[in-house]
Amino acid sequence: MEAANANLAVDLTGLSKVYGTRRVVDSLDLNIRRGSICGLVGPNGAGKTTAIRMVLGLIGRDEGDGLVLGHQLDDRIGYLPKVGALIEGPAFTPSLSARKNLLVLTRLIGLEDTRADEVLQQVGLGDRMTDKAKTYSLGMRQRLGIAAALLTSPELLVLDEPTNGLDPAGIREIRDLLRALADSGVAVLVSSHLLGELQAICDDIVVIDNGKVGYSGSVQGIIAGQSSQVVARPADPGQLQALQSLAQRFGTATVYDNGTVGFDGEQDQAAELNKAAFEAGILLSGLGIVRPTLEQAFFAMTEGDDQ
Amino acid sequence: MIGVIRSEWVKLRRPAYLWVPFGLTIAFTLLFTIVPILSAVRVPDPKSRREPILVSDLTDSHGAVLSVNAVYGLIAMIALVIFAAAVATEYSNGTIRNLLIREPRRVRLMLFRWLGLISWAALLVFVFVVVGVVSGLVTMGTQGYSTSEWFGSSGLQHIGSTFIYLWLALSLFATFGSILALLLKSSVASIGIGIAWFLIVENLLGALVSGTNDWLPGNIITSVAHGGDDAHGFWDGLALIAGYIAVLGGASLALFSRNDVSS
């Protein structure tokens, strides 16, 4: 079994967690390839964090089995030393410096103290490592949390909202860091609500809704299930209804609040609409194709289910 | 697992866990050492209602640790506060997750953390005894009282045994604090209940219900602190309180090892 799944850092089947009568996680299958970044998305309360907690052994599971880094899920002593995690936000002792907060962990797991300095440099906190954690901004605490997750040079990195509070430059740095780690063979599991960010960095995506997997596969795969939209804007806002009527011949056309008309279509339909509008005396001030996004796919999948 | 103890000491070196409790301990010890020596009398005043402190007691071989024994109850409560806070703040800060992800053997983690706290208590008692003896020595000198008996073989034995007894007693009181913190996951609740139990509830129970004094944990620990007394011999008391801790500590560790840890 282990040999058959050697390329999978996480290979879990039927993971379930029940609180009272509510199945918070319901028969979740989770596969994460080594050297890939997998995004975990879902509405609030969908079961993302509960699933991660089960993988990290913070909470027990009611059903399910599988392997993490080649070890049975119950063998946490076997796999957790090779796992780095930032879950439910960075947690530190506020009155200790960033470095001392990491020394608490390096000494716990028997690493050299210099490892703390290395990871702090890696996440850009080298100049502020002696400052107390309570003086850190949200973004800096987030970096510190990522530094803590990197301490053990993990084979599996689990990050819950890693870019929360980071500025755009910081987000790009973390994105590059995660990509570099994945390229070096680390399996990365990222849970986030920033769907655009996940689309930018993830190879695979798992959508959880009401505790169940709605989609599991490549990011391209989920987006491919969505259509591109042709979006046109009349130069004269008074011609919006006329443009909508014209667009109806290509499919169901919708008038949007921003003064545009849109329908599912590709470049050919856009060209035809342009021609038809010109012939009908409607001058277009804008015409374009909006490619489908992860966000679009996510809402299409979860719409109406969010509590 | 020495790493767990070293890790714990990174946190225990914070001012709130080092300077504040050690400062309070030194202040209390100085107060309870100097004032009694200054107010000691050679011959008791028959008209006085107060129990006098006699110079003959102070110059005796156990005189070096008289003040230390008198103030240990306060220091024990400081240790209880520190043990409870050290355990409970891991929950309030969320850092318990960091620890458990790195060391999934929960019982082992908590036992070695406790050993780290016990080593902290040893340092506290060492400072406590040294400050008590040194300040006593100086104050006795200013009053012209002899301290030669303090450093005879019997005196040194008193100092050594007092260190051991008080370390045990402080650690036992404080262990109740950490057990409460593990169960309640709250500094305020565990400290409040712990102190209220030992300072108020036990005294009320002892006064109102006859026979309970011999079984209340605070009283038993006090027997241990004094190396045994009329109620319990040292070893009897130690065995009895070890039983309490085995039951309560075992139950709390069993819950801790199985319970979900989530914020």
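Our structure is the block above this text.
Residues numbered from 1 in each chain as written. Chains lettered and ligands numbered in written order. Predicted model: local features only at pLDDT ≥ 70, side-chain atom pairs only at ≥ 80, totals over all residues. Heavy atoms only, no water.

*Asks:* Help me understand the sheet that holds strand 11 (residues 229-234) of chain A, please; the structure alone is not making it clear to me.
*Replies:* Note on sheets: strands pair through backbone hydrogen bonds, and any given pair is parallel or antiparallel. Residue and element names in this part refer to chain A. With respect to topology, four strands assemble into an open sheet ordered 12-13-11-14, the strand pairing being antiparallel. Edge positions in the sheet fall to strand 12 (254-255) and strand 14 (284-290), since each has one partner strand and no second. One ladder, built from four bridges, connects strand 11 with strand 13 (residues 261-264); its direction is antiparallel. Its bridge partner being in strand 13, Val231 is matched across the sheet by Gly262. Here helix 9 (residues 240-247) sits on the sheet in contact with strand 11, strand 12, strand 13 and strand 14, set at roughly 15° to strand 13. Against the sheet, helix 10 (residues 267-279) engages strand 11, strand 13 and strand 14, with an angle of about 165° to strand 14. (Pairing = 2+ DSSP bridges. Helix = DSSP H or I, 4+ residues; strand = E, 2+ residues; numbered from the N terminus. Contact = heavy atoms within 4.5 Å. Axes fitted to C-alpha atoms, helices over the stretch in contact; angles between N-to-C directions.)

*Asks:* I tried to follow the interface of chain B and chain A on my own but got confused; where do I start?
*Replies:* By a widely used convention, the size of an interface equals the accessible area lost when the partners come together. On the chain A side, the residues contacting the 26 residues of chain B number 30 residues. Carbon and sulfur atoms make up 59% of the surface buried where chain B meets chain A, a total of about 2,500 Å² over both sides. When the buried surface of chain B facing chain A is broken down by residue, Arg97, Ile101 and Arg102 of chain B rank first, second and third, together holding 28% of it. For the interface between chain B and chain A, the tally reads one salt bridge. Among the ionic pairs, Lys17 of chain A bridges to Asp260 of chain B, the shortest N-O distance being 3.1 Å. Here chain B is connected to chain A by twelve residue pairs in polar contact (both at pLDDT 80 or more). The set of elements that each furnish at least two residues to the side of chain B that touches chain A consists of helix 1 (2-12), helix 5 (95-102) and helix 6 (106-143) of chain B. Per-element tally for the side of chain B that touches chain A: the top contributor is helix 5 of chain B, with seven residues. (Buried area = accessible area lost by both parts, 1.4 Å probe. Salt bridge = Lys/Arg side-chain N within 4 Å of Asp/Glu carboxyl O. Polar contact = N/O pair within 3.5 Å; in protein donor to acceptor, adjacent residues only side chain to side chain.)

*Asks:* I would appreciate a short explanation of the environment of Leu58 of chain A in the present structure.
*Replies:* Within the secondary structure, Leu58 of chain A is located in the loop between helix 1 (48-55) and strand 4 (63-68). Expressed as a C-alpha distance, the spacing of Leu58 of chain A and Leu108 of chain A, which sit 50 residues apart in the sequence, is 17 Å. When near neighbours in sequence (up to four residues on either side) are disregarded, Leu58 of chain A contacts Arg53 and Ile87 of chain A together with Arg97, Leu100, Ile101, Arg106, Asn259, Asp260 and Val261 of chain B.

*Asks:* Quick question: what am I supposed to make of helix 1 of chain A here?
*Replies:* Side chains that are three or four residues apart share a direction in an α-helix, a result of its 3.6 residues per turn. The element helix 1 of chain A is largely enclosed, with a buried count of seven among its eight residues. Every buried residue of helix 1 of chain A is accounted for by Lys48, Thr50, Ala51, Ile52, Arg53, Met54 and Val55 of chain A. (Buried < 20%, exposed > 50% of the residue type's maximum accessible area, 1.4 Å probe, protein only.)

*Asks:* Would you mind going over a nonpolar patch on the surface with me for this structure?
*Replies:* A grouping of Leu123, Phe126, Val130, Val134, Leu137, Val138, Phe151 and Leu156 of chain B is seen on the molecular surface, where their side chains present a nonpolar patch of about 670 Å² in accessible area. By residue number, the principal contributor to the nonpolar patch is helix 6 of chain B, which donates six residues. (Patch = residues over 30% accessible without salt bridge, like charges linked within 9 Å, V, L, I, M, F, W, Y side chains within 5 Å. Areas by Shrake-Rupley, 256 points an atom, 1.4 Å probe, with all protein chains shown as cover.)

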